[in-house]
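Descriptive analysis of the structure
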Amino acid sequence: MLRIHMFSSATKVKGQGVGSAYTELIRLLKKHFADKIQVAVNKCGKADISHYHTVDFKFFLYTFFPGQGKKIGYVHFLPETLEGSLKIPQPFKQIFFWYLIAFYKRMDSLVVVNPSFIKKLERYGISKEKITYIPNFVSKTEFYEFSKEKKFLLRKKYGIESTRFTIIGTGQIQERKGVFDFIELAKRLPQYQFIWVGGFSFGKITDGYAKLKKVVADPPKNLLFPGIVDREKMNDFYNLANVFLLPSFNELFPMSVLEAFSCGIPVVLRNLKLYQAIIEGYYLSGNSVAEFEACLEQLASRPQLLRRFHKESLEAAERYSEKHLASIWYDFYCEQTEMVGHDKKK
């Protein structure tokens, strides 16, 4: 049996995609490979593989302990992707960025959720041979489309008119996520309902905290901020909406996009190159508030376009299904321990 020790502190802070990705992987391994893989969480001891999901300093120290097996690092961010997320004063920012790359260089292998990160890691002096692309995924049992009747009752529960065109965005409330653009769209389109699910996971060090906090406290009448919502309740919020909009300026492969796909919601994203490598064709895109506004008005006024991207979302969800990714993760772990010939049916 393959012994894998998982190391993560991502679930301590609610509302993070990193925590969602970690939780999904743990659940997948226990569901599909309970008889082949033994998973331990935050346990420093003898293992075949030590998989680091977050870059805590104590985890960095663990990498020097004997018996850790192959060290695998999950790359959820790089120095440049943290810009616009957290406000870290100098010289601490530079020290942390140096530490982050040093952590990645301590790994025997790295996993990225977007292939665009491979070249960026190479520029930091990390060999391409050490990097593997494995996309995120979500469970269809947790994120799925409700019936029309259930959606009607859900809107009644949350006080949203059954016929009102509704747009949802999710994630931490921060500048990088494009929340200011989301707010501006709500002001420009008062006929639509806007909902942003998420909060200030990192408090006052969140970039743009003061300005965003002011709007959250007194938003436009058609904009709701329900705050950080437990993951098991997120399916309700996706099913309240007609469209999912994420105007982020910088992302990897957001779990929220996959969750929206799985619920069959048409998706609108900022036109970023990193999305083109993984989900091109499955979403509408824009580069500015005006272009996002045009996308939303087209979807609201053209039922055939809404139906088309409902279908595209469901097809994308199948591409990044749990079943498909389960075999990819199992093969990857076996290869790391030179167990390529391991019998999967055993």
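Reference entry: report on the structure contained in this document. (Residues numbered from 1 in each chain as written. Predicted model: local features only at pLDDT ≥ 70, side-chain atom pairs only at ≥ 80, totals over all residues. Heavy atoms only, no water.)

1. Side note on the side chain of Thr-166
Checked against the element boundaries, Thr-166 lands in strand β7 (residues 166-170). Among the polar contacts listed, one links the side chain of Thr-166 to the side chain of Arg-155, at a separation of 3.2 Å. Aside from chain neighbours lying at most four places away, what touches Thr-166 is Arg-155, Ile-160, Gln-193, Ile-195, Leu-240, Ala-241, Asn-242 and Val-243. (Helix = DSSP H or I, 4+ residues; strand = E, 2+ residues; numbered from the N terminus. Polar contact = N/O pair within 3.5 Å; in protein donor to acceptor, adjacent residues only side chain to side chain. Contact = heavy atoms within 4.5 Å.)

2. With respect to the nonpolar core
Judged by nonpolar contacts, the single largest core of 115 residues is most densely connected at Tyr-104, Phe-194, Ile-279 and Tyr-333. No other element matches the seven residues that helix α14 (residues 322-336) contributes to this core. Dropping the residues within four chain positions of it, Tyr-333 is found in contact with Leu-2, Ile-4, Met-6, Leu-25, Leu-29, Ile-37, Ile-49, His-51 and Ile-72. (Core = buried A, V, L, I, M, F, W, Y, C linked by side-chain atoms within 4.5 Å. Buried < 20%, exposed > 50% of the residue type's maximum accessible area, 1.4 Å probe, protein only.)

3. Digging into helix α8 (residues 209-217)
Three or more residues of α8 are buried, namely Tyr-209, Leu-212 and Val-215. In an axial view of α8, the angular spread of the buried residues amounts to 135°, which keeps them on one side of the axis. α8 presents Ala-210, Lys-211, Lys-214 and Ala-217 as exposed residues on the side facing more than 90 degrees away from its buried surface. If you follow the buried residues of α8, they end up packed against α7 (179-188) and β9 (223-227). (Arc of directions from axis to C-beta.)

4. Some details on the pairing of strand β3 (residues 49-52)
Residues Ile-49 and His-51 point to one face of β3 and Ser-50 and Tyr-52 to the other, with burial holding for every one of them. Bridging between strand β1 (residues 2-7) and β3 involves four bridges; their strand directions are parallel. Within β3, the residue paired with Met-6 across the bridge is His-51. Between the parallel pair β3 and strand β4 (residues 70-75), the chain is carried across by helix α2 (residues 57-62), and the sense of this crossover is right-handed. (Pairing = 2+ DSSP bridges. Right-handed = clockwise from strand over helix to strand, strands pointing away.)

5. Quick word on the packing of aromatic side chains
Taken as a whole, this structure holds 29 aromatic pairs when the rule is applied. Pairing Phe-7 with Tyr-52 gives two aromatic rings, centres 4.7 Å apart and planes at 10°, and the pair type is stacked. Taken together, the residues span a long stretch of sequence, with Phe-7 in strand β1 and Tyr-52 in strand β3 at a distance of 45 residues. Of note, Arg-106 hangs over the ring of Phe-64, and the distance from its end group to the ring centre comes to 3.9 Å. Positioned above the aromatic ring of Phe-249 is the side chain of Arg-270, whose terminal nitrogen or guanidinium carbon lies 3.8 Å from the ring centre. (Phe/Tyr/Trp six-rings, centres within 6.5 Å; stacked < 30°, edge-to-face > 60°. Lys NZ or Arg CZ within 6 Å of the ring centre and 35° of its normal.)

6. Description of the pattern of salt bridges
All chains considered together, the criterion is met by 13 salt bridges. In this structure, Arg-231 and Glu-24 form a salt bridge, with 2.6 Å as the shortest nitrogen-oxygen distance. Of the two residues, Arg-231 is situated in the loop between β9 and α9 (234-240) and Glu-24 in helix α1 (residues 17-32); the sequence distance between them amounts to 207 residues. The class of Glu-24 is buried, set by a relative accessible area of 1%. Counted as one network, the salt bridges with shared partners bring together Glu-24, Arg-27, Lys-31, Glu-142, Arg-231, Glu-259 and Glu-322. (Salt bridge = Lys/Arg side-chain N within 4 Å of Asp/Glu carboxyl O.)

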